[in-house]
Each structure stands twice: as structure tokens, then as C-alpha cells.
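Remarks on the overall topology
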Amino acid sequence: MKELDLLKKDWKKNSDSFEQISEKEIYKMIHKKSSSIVKWILIISILEISFWTFSNLFINTDDVLQKINHPEIVVALEYLTYMNYLVGLIFVYIFYKNYTTISTTVATKSLMSTILRTRKTVQYYVWYNLGMIVVSSIFSFFIGYVYNPDMAFFQEKLAQDGKAMLFTVGILVFVILGFFGLFWCFYRLLYGTLLRRLYSNYKELKKIDL
């Protein structure tokens, strides 16, 4: 009986060691995959900001702003643009910090915490961009309608016809919602896929940590 007990103890020790080796290999694989996902989030956010920056260089809004002839609106648009770039760069910096943290961390709990923090940051980033799309669209339509002198005739016609006004407002709402839905699908496809993979890694780590 004593020999059997010794064999059982020895088997348990060996099984534990095999399990430990397996967990280490799984952790390394998950760590590598998570680091790669966060790196792609960083790269995509940089490419996105670069795309909008270069797009603005080719869009000429000077003629429209000259027609409006309201310096305070020009200043407000400039502030809105600078603020948007500043917030975007802040998010990129946070993504970079998350990437460096997730690449160098060794503890399972720290990796899990960084994964959750990264997911929240990306979600805030996406909702900020979607919010800015709505705000910018409303702001642009408002300025174009109220301050553009070319819209004077159109304003008189709408003022005389309430149904036409409601119809126009309905079209504008539809266009804004269309832009929102288009970008929501884009972000869901792009960032959503990466976040789902990242959360899958988190669940695997949670099993190891139990």
C-alpha cells in the first residue's frame, strides 16, 4: 500500500508538471497573439488619422468659407478640427502605451487587465469618432443652410411651405443616419473583429488563471 501511495504521489507530481508546461505554452501563444492584435489596432488608428489628414488637404473649403463671410465660424471650425486631431493623437498614444505594456508584461493578471483596458479604449475611440461624425454633419448642414448666401432663395421657399421644410429635415436626418450607419459598420468590421479576438484571448487566460 505504501508503494502504491508513493506511485500516486509521483504521478500527481508529473501530471502537474506537464500541466504547468502546457499552460506556459498556451500563455506564450496568447501573449503573442494579443500583442499582435494591439499592434494592428495602433497601426490602423494611425492610418485612419493619416487618411483624414491627407483627405483634408485635397478638399478646398476656402470658397465656401469666403461666401459665408463669418470669421467667428471659421475660427470655430478650426478649433473643432484641431481638437479632433488632438483627441485622435491622444488615443494613438494610449494605443501605443497599451501595446508596449502588453508586449512586456509577464504576469497573467496584468495581461488580462491590459486586454480589458485596451478593449475599453478602442470602444471609447470608436464612439468618439461616431459622435464627431454626427456633430460635424449637423454643424456643416446648419452653417451651409443658415449662413450661405446661395441658400437665400431656398430658405424663402422652405419658410413658405411647412411640408417642404419637414421633407428637407427628414432627408438631412436620413443622410446623417446613413453616414453614421456606414461608419458604424466600418468600425464594427475593422475594430470589432480585432476586439472579439482580443476578448477570446482574455477568456482563455481566465481559464488558465483559475
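Now for a quick tour of the structure. Source: prediction; values computed, not measured.

Another aspect to go through is the overall build of the protein. Looking only at helices and strands, one finds 6 helices and 0 strands in the protein. Along the protein, helices (α) and strands (β) appear in the sequence α-α-α-α-α-α when read from the amino end. A buried classification covers 26% of the 210 residues belonging to the protein. Within the protein, residue pairs in contact and separated by at least 24 positions form 84% of the contacts whose partners lie at least 6 positions apart. Approximately 14,800 Å² of the protein is accessible, and the part contributed by carbon and sulfur atoms is 67%.

Before going further, it helps to examine the packing of helix α3 (residues 71-104) against helix α4 (residues 108-146). Running from N to C, α3 and α4 cross one another at 165°; their axes reach a closest spacing of 10 Å. Regarding the angle of α3 to α4, the classification is roughly antiparallel. The way α3 lies across α4 gives a crossing that is left-handed. Looking at side-chain class alone, the contact of α3 with α4 contains 19 nonpolar, 7 polar and 1 charged residues.

Moving on: the layout of surface pockets. Reported here for the second largest pocket is a volume of approximately 270 Å³. Lining the second largest pocket are 14 residues, with Gln 123, Tyr 187, Arg 188, Gly 192 and Leu 195 sitting closest to its centre. For the lining of the second largest pocket, the secondary-structure elements that each account for two or more residues are α4 and α6 (162-209). At 8 residues, the largest contribution of residues to the lining of the second largest pocket is made by α6. A per-class count over the lining of the second largest pocket returns 9 nonpolar, 2 polar and 3 charged.

With that settled, consider a positive patch on the surface. A contiguous patch of positive charge on the surface is contributed by Lys 33, Arg 188, Arg 196 and Arg 197. Top contributing element to the positive patch by residue count: α6, with 3 residues. Tracing the backbone through its elements, the reader meets Arg 197 in helix α6.

Our next topic: the side chain of His 31. Mapping His 31 onto the fold places it in helix α1 (residues 2-58). Judged by its relative accessible area of 15%, His 31 falls in the buried class. Of note is the side chain of His 31, whose polar atom sits 3.1 Å from the backbone oxygen of Thr 105. Other than its neighbours up to four places away in sequence, His 31 contacts Ile 102, Ser 103, Thr 105 and Leu 111.

Overall, the coordinates contain 10 aromatic pairs when judged by the stated rule. Ring centres of Phe 91 and Tyr 128 lie 6.3 Å apart, and the angle between their planes is 40°; this geometry places the pair in the tilted category. Taken together, the positions of Phe 91 in helix α3 and Tyr 128 in helix α4 put the pair 37 residues apart, joining distant regions of the chain. On the basis of relative accessible area, Phe 91 is assigned to the buried category, the value being 12%.

This next bit is on the environment of Ile 44. For Ile 44, the location among the structural elements is in helix α1. Sequence-wise, Ile 44 and Tyr 191 are 147 residues apart; in three dimensions their C-alpha atoms are separated by 8.7 Å. Other than its neighbours up to four places away in sequence, Ile 44 contacts Leu 190, Tyr 191 and Leu 194.

Turning our eyes to something else, we now look at the side chain of Glu 48. Tracing the backbone through its elements, the reader meets Glu 48 in helix α1. Within the buried core, Glu 48 has no salt-bridge partner, and the shortest N-O distance to an opposite charge, that of Arg 188, equals 16 Å. At 3.1 Å, the side chain of Glu 48 and the side chain of Tyr 191 are in polar contact. Once residues within four sequence positions are removed from consideration, Glu 48 is found in contact with Tyr 125, Asn 129, Tyr 187 and Tyr 191.

Bringing the nonpolar core into the picture now. Judged by nonpolar contacts, the single largest core of 29 residues is most densely connected at Ile 41, Phe 95, Ile 115, Val 122, Tyr 191 and Leu 205. Where this core is concerned, the elements lending two or more residues are α1, α3, α4 and α6. Among residues more than four places away in sequence, those in contact with Val 122 are Ile 41, Phe 95, Tyr 191 and Leu 195.

Here is what the cut-offs are and how they apply
For every chain, the first residue of the written sequence is number 1, and numbering continues from 1 along that sequence. For this predicted model, a pLDDT threshold of at least 70 governs which residues receive local features, and a threshold of 80 or more governs which side-chain atom pairs are given and counted, while totals over whole chains, interfaces and linings are taken from all residues. Excluding hydrogens and water, the side-chain values take into account all heavy atoms of the structure. The secondary structure listing takes helices from DSSP runs of H or I that are at least 4 residues long and strands from runs of E that are at least 2 residues long, numbered from the N terminus. Think of it in three bands: with a 1.4 Å probe and only protein chains considered, a residue is buried below 20% of the maximum accessible area for its type, exposed above 50%, and partly exposed in between. Contacts are assigned to residue pairs with any non-hydrogen atoms lying within 4.5 Å of each other. Surface accessibility follows the Shrake-Rupley procedure with a 1.4 Å probe radius. Residue values consider only the protein chains on display as shielding. Lines fitted to C-alpha atoms define the axes, with helix axes restricted to the stretch in contact, and inter-axis angles between N-to-C directions lie between 0 and 180 degrees. Working rule for angles: under 35 degrees goes down as roughly parallel, over 145 as roughly antiparallel, 65 to 115 as roughly perpendicular, anything else as oblique. Two helices crossing with the near one rotated counterclockwise from the far one by less than a right angle form a left-handed crossing, whereas a clockwise rotation gives a right-handed crossing. Classes in brief: Ala, Val, Leu, Ile, Met, Phe, Trp, Tyr, Cys and Pro nonpolar; Asp, Glu, Lys and Arg charged; the others, Gly included, polar. Only protein atoms enter the calculation, which uses a 1 Å grid: trapped sets of points that fit a 1.4 Å probe without letting it out are cavities, open sets showing protein on both sides within 12 Å along at least five of seven lines are pockets, and any residue with an atom within 4 Å of a point is a lining residue. Grid points are joined across faces, edges and corners, and a volume is the space filled by probe spheres set on the points. Patch construction takes residues with relative accessible area above 30% that form no salt bridge. Like charges are linked within 9 Å, and nonpolar side chains (Val, Leu, Ile, Met, Phe, Trp, Tyr) are linked within 5 Å. Salt bridges, as used here, are contacts in which a Lys or Arg side-chain nitrogen is within 4 Å of a carboxyl oxygen on Asp or Glu. Charged-residue counts in this description rest on Lys and Arg as positive and Asp and Glu as negative, His and the chain ends being excluded. In this description, the location of a charge corresponds to atom NZ of lysine, CZ of arginine, CG of aspartate or CD of glutamate. Whenever two N or O atoms come within 3.5 Å, that pair is a polar contact, provided that in protein one can donate a hydrogen and the other can accept it, and provided that, for residues adjacent in sequence, both atoms are side-chain atoms. When the centres of two rings from Phe, Tyr and Trp lie within 6.5 Å, Trp using its six-membered ring, the rings pair. Their planes under 30 degrees apart give stacked, over 60 give edge-to-face, and anything left gives tilted. As used here, the term nonpolar core means buried Ala, Val, Leu, Ile, Met, Phe, Trp, Tyr and Cys residues forming a set that is joined through side-chain atoms within 4.5 Å.

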